[in-house]
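Letter by letter, the chains look like this.
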Amino acid sequence: MRKYPNPMNPSVVGVDVLERSVDSRGRLHSHRLLSTEWGLPGLVRAILGTSSTLTYIREHSIVDPVGKKMELCSTNITLTNWVSVSERLVYTPHPEDPGRTVLTQEAVITVKGINLGSYLESLMANVISSNAKKGWAAIEWIIENAERALS
């Protein structure tokens, strides 16, 4: 829940918790609104017909402390007339080494009504892949800083 802000992904400029609850199985459910500055290349902004790079993402997360699993599902709610991105990240213990974590990432990118749709899909896939690596580094950074704060 402390993933943002972090120095690895400064594009996330705001996080608002819309709802948070614990279910009967002890899992923490959170719905958040992320405000991001995508920094889209000029060509992409021209294709989309917008100068704005501020976008909003809806994120639902489930943290299961018993199953040692965290799942994040996010979907953009800005620019959906042109580009829709749905992403799912699942963090689980490594099956052979419980001291390690496995990250599984899935993303569906849909580009609508744009002649250079395959270019945008490729660009978005590269950004998502890069952000997954940044997200991993961010989690490690958060853990290190949390441990320092506790000691």
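Residues numbered from 1 in each chain as written. Predicted model: local features only at pLDDT ≥ 70, side-chain atom pairs only at ≥ 80, totals over all residues. Heavy atoms only, no water.

Participant: Whenever I open this one, the side chain of Ser30 confuses me. Can you help?
Facilitator: With respect to the helices and strands, the residue Ser30 is situated in strand E2 (residues 28-37). Polar side-chain contacts of Ser30 include one of 2.8 Å to the side chain of Arg20. (Helix = DSSP H or I, 4+ residues; strand = E, 2+ residues; numbered from the N terminus. Polar contact = N/O pair within 3.5 Å; in protein donor to acceptor, adjacent residues only side chain to side chain.)

Participant: Which parts of the structure should I look at to understand the side chain of Thr78?
Facilitator: With respect to the secondary-structure elements, Thr78 resides in the loop between strand E4 (69-76) and strand E5 (83-93). Apart from the residues within four sequence positions on either side, Thr78 is in contact with Leu54, Thr55, Tyr56 and Val83. (Contact = heavy atoms within 4.5 Å.)

Participant: Honestly, the pattern of salt bridges in this entry has me stumped. Any pointers?
Facilitator: Where charged atoms of side chains with opposite charge meet at close range, the side chains can pair. Applying the stated criterion across every chain yields a total of four salt bridges. Here Asp23 ties to Arg27 by a salt bridge, and the two come within 2.8 Å at their closest N and O atoms. Arg88 serves as the salt-bridge partner of Glu106, at 3.6 Å between the closest nitrogen and oxygen. Highlighted residues: Glu106 in strand E6 (residues 101-111) and Arg88 in strand E5, separated in sequence by 18 residues. Here the residues in one salt-bridge network are Glu71, Arg88 and Glu106, joined through shared partners. (Salt bridge = Lys/Arg side-chain N within 4 Å of Asp/Glu carboxyl O.)

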